[in-house]
Amino acid sequence: MSPTTAAWLALACPLAGTIVNALGFRTLKGRLPGVVGTAALAAAFVFAVIAFVQLQGNGEEHRQLVSSLYDYAVVGTIDAKLSILVDPLSVLMMLVVTGVSTLIHVYSFGYMSGDRGYTRFFAYLNFFVFSMLLLVLAANFFLLIVGWAFVGAASYLLISFWYRRTTATSAGIKAFVINVVGDIGLTLGTFFILKHSGTLDFLGTFAQAKEIGATAHGDLTAGLILLLVGAFAKSAQIPFHTWLPDAMEGPTPVSALIHAATMVTAGVYLIARMHPLFEQSVAAADVGTIIGAVTLVVAATIGLVVTDLKRVIAYSTMSQIGYMIMAVSGGAYVAGLFHLMTHAFFKALLFMAAGSLISAMGGDQSLDRMRGFRKAMPFTFACFVIGGLALSGVPPFSGFFSKDEILLVMGERGGWHWVLYVAGYLAALMTAVYTWRMIFRAFWGEPVEQARELEHGHLWHAPQPTNPANGEVEDTDVGFPGPEHHVAEQSGPMKIAMGTLAILATVGGVVLIPKVTTWLDTFLEPTFKDSTLTPTIQGSDSLLVIGLIVGTVLGVLGIAIAYRIWGMTNGEIAVAARERVPALHRLFVNKWYFDELIGWLVVKPLGWFGRFGQQTFERVFVNGTLVGGTSGVVRAGSAAVRALQSGFLRAYAALLLVGAGVVILYFLLQS
Amino acid sequence: MNIGWYLAVSALVFCTGAAGVLTRRSPLVILLCLELMLNAANLALIAFSRMWGNGDGQIFAIIVMVVAACEVCIGLGLVVAIFRRRLPIDVDEMRELHG
C-alpha cells in the first residue's frame, strides 16, 4: 500500500464512522455507537502508521507525495483539486491526531455512557477528527479552507453538545463566531497569496516563495498576517482567545479533543506548513512570535487565579500553544511540532484526569469545593501528577525537552528574541505554579464529602440536576451525570486510555533529546529542508546547558512554591498576597478584561449599528422612502389614469379621435 | 377630376360620422355613425387607389366592409340583448365597467 492510499483510507475511516453513527442513530443500540466510533478511529490510526512506515521506506527526496482524487474545478490556472499532500509533517500530525483521538474515543466510550446523546456524541466526535485530518492532509489552500471550516463547525456542535444549557449554547456560538472571523482571515490571506502565485497548490506556491517575497513583499506580508488571524482564532491566541475557556462547557472528552489533538493545534500546523512563505516575510513571522509570547505570559497569569478546574487547564493550553506559535513563527519548526506532540499527550491526560475528578464531584468543576481526593482516587492522582510534571517541565518528563528546545532556539536567535527567551522561562515558572496549585488544591487536605463517599466505594450524586457553570437548577437531565455514571478510576476502557497517555507523557520526550536522539529532527528533515532560517541558527552547547539547568530549576521551584502555598497550608499565603495587590488580582481574575475590551470595541459598536439599521435606517429610509415612495408614485399615477376610465363610451371615442388627430398632426408637421 | 374633391367629401362624411358618435346617446345611431366613418375611409382609400392606378386600395376597402359587417353583427347583438332585458338604451347609462 502506498503512503497516499493509506492516508486516503485514514481520512475515510472517521468519515465512515460519522456517517454510520449519524444515519444509524435509531438502530444502533447500547454501546454500539461507541464501538463504531472508536473502531473507526483505531483503523485510522493503523492507516496512519502504515503511511508513516511506507513513507520512511521511500528515499529522502521522495517523501513529499501528492495524490489527487478528482478535479473539483479548473478555472484558468487555478486548480481546485481534491488532493492530499503526504509528507513527514502531515504524517506526524496524522499520527498525533489519530493516536490521541483514539485514546480519547476509548475514554469517551465509558465517560459518556450515561448520556442520552451517546450516538450523536460519537458522530460529532468522528466528524471532528475527520475535519482535522482533512485540514492536515490538504495539499492545497482550497481543501485547507474546507477542513478549517469543518473543524470550526464540529467544535460548535461539540461545545454546545448539551444544547439545553444556555451557557453551553452561548459558548458554542462564541467559539463559532470567532472561528468564522479566523476563516475569513484565512480565505482573504489565500487570495493575497493566490494573486501572486497563480496556484492554490502548496508545493507550487512554495516553489515561487522567493519570487513572491522579492516582487510583492507588501502583499505577501498582508496575506500572511491574514493567515495568522486564522491561525490565532483556531489556536486561541490573543486577541481571539476568549472562546477557549468558555468552550469548557462541552463534555470533558471534547475539551480533551479540542485541546490536545485537534482544533487548537491547527494554527501551529498552518504556520509550520507555510514556513517557506513566512521566511520571506520577517514582519509577519515576528507578529506570530510576539503574539505567541504575549499569549504565553498572559494566559499563564490568568491560570494562576482561575478557580474552575477545567478552565485552569484551558488557560494552560492557551499558554502552551503560545509556545508553539512562537516556535514555528520564529524558525524553531521541529521544536514547535515536538512540543505539539508532547503537549497532546500530557494535556489529554490532564483533561481525562480532570474528567475523572469532575465525575466524582457529580459534575462540579470548582476547585474551591474539591479537596483531599488523594486517597479516594489513587489512579487519577498518579495520572494528574504525571501530566503535571510533564506540563511544568520537570525532567525526564516529555514536556521538559520540548519546551526547552523551543526556548533554546529563541535564545540562539539572539537580539530581541532574548525578550521572548526570558518571557518563556517566566511563563514556565508560572506554569509549574498553577499546575501544582490545581493538584494540591484538589488532592491534598481534608477530604470533602464526595471524596469520603468514594473512599467507601460509593459514587456521590448531586441531589438535583444543576448547571455546574452557574448553579442554575435545570429541568432536564441533559449533561447531568445520572445514576449510572462512572468515575474514570473505576472503568476499564477509561483506565486504559489514561494509562497509555501517562506512559506517552512520560517517555514522549525521547524522540528529541538534545545531543542524544535526533529522530524527530531527521524525520521532519524533508519538509523543512528548503528552510533558509534553520541552518543559520547555530546550536551552542553553553546555552543548551544553561537552558536545561534553568528549566529544571524553574519547574522544581514552581512546584515548591505551589506546595508552600497550597500543599502545606490552605492557601492563606495566596489570600494574603491577593489582599496586598488587589488591582493585579482583579486584572487576572477578570482575564485581563479581554472580554470587556472586545465587547466594547466590537460587540457594542456592531450592536449599535444593528439597532440603527433596524430601527432607524430600515424604518425611515427603506420602509419610508424606498418602499413607501415607490408605492406612492404608482398609486398617484394609477389615480390619474383611473379618472380617465369613466365608462362613458363617447368620452373614449373622443379621446381616440383626439389621439388620432394628434398623431396625424405630428406626421403632417414632420413631412 | 382632382383627388382633392374626393378627399373633401371623405373628410365631410368622416366628420359627420365622428360628430354623431360623439354626440348621440343611442347605440344604434352610434353604430350607424361608425359606418359613416368607415365609409369615409373607404372612399379615401378608393380615391387613392384610383390615383395610383392599382387595385390594392379597393381590396382594402372590401376588407374594411367585411370588418364593419362583423362589428355591426356583434354590436347589434349586444344592443338587442340589452333591449331584451329592458335596460335603458343609452350609452351614458351603461358604464358599469368604469375604473
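Residues numbered from 1 in each chain as written. Chains lettered and ligands numbered in written order. Predicted model: local features only at pLDDT ≥ 70, side-chain atom pairs only at ≥ 80, totals over all residues. Heavy atoms only, no water.

The name given to chain B in an unreviewed UniProt entry is NADH-quinone oxidoreductase subunit K, and the organism recorded there is Baekduia soli.

Chain A has the name NADH-quinone oxidoreductase subunit L in an unreviewed UniProt entry, where Baekduia soli is given as its organism.

All right, on to the overall build of chain A then. Check the secondary structure of chain A and you find 27 helices and two strands. Projecting the C-alpha coordinates of chain A onto the three principal axes gives extents of approximately 110 × 65 × 60 Å. Buried residues in chain A amount to 56% of all 671 residues. Considering only intrachain contacts with a sequence separation of at least 6, the fraction spanning at least 24 residues in chain A is 79%. Approximately 26900 Å² of chain A is accessible, and the part contributed by carbon and sulfur atoms is 69%. Each charge class in chain A was averaged separately, 40 positive and 39 negative side chains, and the resulting centres sit 8 Å apart. (Helix = DSSP H or I, 4+ residues; strand = E, 2+ residues; numbered from the N terminus. Buried < 20%, exposed > 50% of the residue type's maximum accessible area, 1.4 Å probe, protein only. Contact = heavy atoms within 4.5 Å. Areas by Shrake-Rupley, 256 points an atom, 1.4 Å probe, with all protein chains shown as cover. Lys, Arg positive; Asp, Glu negative; His and termini not counted. Charge placed at Lys NZ, Arg CZ, Asp CG, Glu CD.)

Attention shifts here to the packing of aromatic side chains. Residues and elements named next belong to chain A. The tally for this structure, following the rule as stated, stands at 26 aromatic pairs over all chains. Geometrically, the ring pair formed by Phe440 and Trp444 is edge-to-face, given 4.7 Å between the ring centres and 80° between the ring planes. Residue classification places Trp444 among the buried positions, given a relative accessible area of 17%. Above the plane of the ring of Phe109 lies Arg31, whose end atom (NZ or CZ) is 5.0 Å from the centre. (Phe/Tyr/Trp six-rings, centres within 6.5 Å; stacked < 30°, edge-to-face > 60°. Lys NZ or Arg CZ within 6 Å of the ring centre and 35° of its normal.)

Looking now at helix α5 (residues 141-159) of chain A. An ideal rise of 1.5 Å per residue puts 27 Å on 19 residues; α5 of chain A measures up with 27 Å between its terminal C-alpha atoms. When we look at burial in α5 of chain A, the residues that qualify are Phe141, Leu143, Leu144, Gly147, Trp148, Val151, Gly152, Ala154, Ser155, Leu158 and Ile159 of chain A. (Expected span 1.5 Å × (residues − 1).)

Okay, the interface of chain B and chain A next. On the chain A side, the residues contacting the 15 residues of chain B number 10 residues. Of the roughly 1000 Å² buried between chain B and chain A on both sides combined, carbon and sulfur atoms contribute 64%. Applying the counting rule to chain B against chain A returns zero salt bridges. The interface formed by chain B and chain A contains two residue pairs in polar contact (both at pLDDT 80 or more). Put simply, the parts of the chain that give the side of chain B that touches chain A at least two residues each are α1 (3-23) and α2 (27-52) of chain B. Among the elements that take part in the side of chain B that touches chain A, α1 of chain B stands out by supplying five residues, more than any other. Classifying every residue of the side of chain B that touches chain A gives eight nonpolar, three polar and four charged. (Buried area = accessible area lost by both parts, 1.4 Å probe. Salt bridge = Lys/Arg side-chain N within 4 Å of Asp/Glu carboxyl O. Polar contact = N/O pair within 3.5 Å; in protein donor to acceptor, adjacent residues only side chain to side chain. Nonpolar A, V, L, I, M, F, W, Y, C, P; charged D, E, K, R; others polar.)

Attention now moves to the side chain of Gln365 of chain A. Residues and elements named next belong to chain A. Residue position: Gln365 is located in the loop between α16 (333-360) and α17 (378-391). Given a relative accessible area of 12%, Gln365 falls into the buried group. When near neighbours in sequence (up to four residues on either side) are disregarded, Gln365 contacts Met248, Thr307, Asp308, Leu309, Lys310, Ile358 and Met370.

Moving on: the packing of helix α1 (residues 3-23) of chain A against helix α4 (residues 118-137) of chain A. All names here are of chain A. Here α1 crosses α4 at 155°, and the two axes come no closer than 8 Å. When the axes of α1 and α4 are compared, the pair comes out roughly antiparallel. For the crossing formed where α1 meets α4, the hand is left-handed. Here α1 contributes Ala7, Ala10, Leu11, Pro14, Leu15, Gly17, Thr18, Asn21 and Ala22 to the contact with α4, which in turn contributes Thr119, Phe122, Ala123, Asn126, Phe127, Phe130, Leu133, Leu134 and Leu137. When grouped by side-chain class, the residues that make up the contact of α1 with α4 number 13 nonpolar, five polar and no charged. (Axes fitted to C-alpha atoms, helices over the stretch in contact; angles between N-to-C directions. Parallel < 35°, antiparallel > 145°, perpendicular 65-115°, else oblique. Left-handed = near helix turned anticlockwise from the far one by under 90°.)

Residues and elements named next belong to chain A. Counted by the stated rule, this structure contains 10 salt bridges over all chains. Put simply, Asp183 and Lys234 hold a salt bridge, and the shortest N to O gap is 3.9 Å. Note that Asp183 is positioned in helix α6 (residues 166-197) and Lys234 in helix α9 (residues 217-235), a separation of 51 residues in sequence. Like Asp183, the residue Lys234 is buried in the burial classification. The salt bridge partner of Glu249 is Arg311, with a shortest N-O separation of 3.8 Å. With Glu249 in the loop between α10 (243-246) and α11 (252-261) and Arg311 in helix α15 (residues 309-329), the pair connects residues that are 62 residues apart, well separated along the chain. Assessed through its relative accessible area of 10%, Glu249 is described here as buried. For Arg311, a relative accessible area of 17% translates into the label buried. Shared partners join several salt bridges into a network, and the residues in it are Lys174, Asp246 and Asp595.

Residues and elements named next belong to chain A. Residues Ile238 and Pro239 are joined by a peptide bond in cis, for which omega reads 0°. Assignment of secondary structure puts Pro239 in the loop between α9 and α10. In this chain, Pro395 is followed by Pro396 through a cis amide linkage whose omega measures 0°. Relative to the helices and strands, Pro396 is located in the loop between α17 and α18 (398-413).

So, on to the UniProt feature "domain: NADH:quinone oxidoreductase/Mrp antiporter transmembrane" (unreviewed entry) in chain A. Per the UniProt record, the feature "domain: NADH:quinone oxidoreductase/Mrp antiporter transmembrane" (unreviewed entry) sits at residues 138-429 of chain A. Annotation note: span residues 138-429 of chain A, helix share 77%, strand share 0%, distance between end C-alpha atoms 38 Å. (UniProt positions renumbered as here; feature names shortened; annotations may be inferred.)

Let's shift gears to the domain arrangement of chain A. The domain boundaries assigned to chain A delineate domain 1 (143-580) and domain 2 (595-670). Computed from C-alpha coordinates alone, the two centres of domain 1 of chain A and domain 2 of chain A are separated by 60 Å. (Domains from an automatic or database assignment.)

Further remarks concern empty space enclosed by the protein. Residue and element names in this part refer to chain A. Counting across every chain of the model gives one cavity of 30 Å³ or more. Approximately 30 Å³ is the volume attributed to the largest cavity. Lining the largest cavity we find His241, Thr242, Pro245, Asp246, Tyr315, Lys591, Phe594 and Asp595. Those elements that place two or more of their residues in the lining of the largest cavity are α10 and α26 (594-644). (1 Å grid on protein atoms, 1.4 Å probe; cavity = no way out; pocket = protein on both sides within 12 Å on 5 of 7 lines; lining within 4 Å. Points joined across faces, edges and corners; volume = space filled by probe spheres on them.)

All right, on to the pairing of strand β2 (residues 78-86) of chain A then. Residue and element names in this part refer to chain A. The pairing of strand β1 (residues 65-75) with β2 spans eight bridges and is classified as antiparallel. Of the residues in β2, the one forming a bridge with Val66 is Leu85. What sits between β1 and β2 in their antiparallel hairpin is a turn of two residues, with Gly76 showing a positive phi close to 60°. (Pairing = 2+ DSSP bridges.)

Once that is clear, we can look at a nonpolar patch on the surface. On the surface, a nonpolar cluster with roughly 820 Å² of combined accessible area is contributed by Trp608, Phe609, Phe612, Phe617, Val620, Phe621, Leu626 and Val627 of chain A. Considering the arrangement of structural elements, one finds Val627 of chain A in helix α26. (Patch = residues over 30% accessible without salt bridge, like charges linked within 9 Å, V, L, I, M, F, W, Y side chains within 5 Å.)

Moving on, we come to the state of the cysteines. Residues and elements named next belong to chain B. For the structure on display, the rule yields zero disulfides over all chains. Distance from the sulfur of Cys15, which forms no disulfide, to the nearest cysteine sulfur (Cys33) is 12 Å. Under the relative-accessibility criterion, Cys15 is labelled partly exposed at 49%. Not part of a disulfide, Cys70 finds its nearest cysteine sulfur in Cys73, a span of 6.3 Å. On the basis of relative accessible area, Cys70 is assigned to the partly exposed category, the value being 42%. (Disulfide = S-S within 2.5 Å.)

Before going further, it helps to spend a moment on the UniProt feature "domain: NADH-Ubiquinone oxidoreductase (complex I) chain 5 N-terminal" (unreviewed entry) in chain A. With numbering aligned to this structure, UniProt lists the feature "domain: NADH-Ubiquinone oxidoreductase (complex I) chain 5 N-terminal" (unreviewed entry) at residues 75-122 of chain A. Spanning residues 75-122 of chain A, this segment combines 60% helix with 21% strand, and its end C-alpha atoms are found 38 Å apart.

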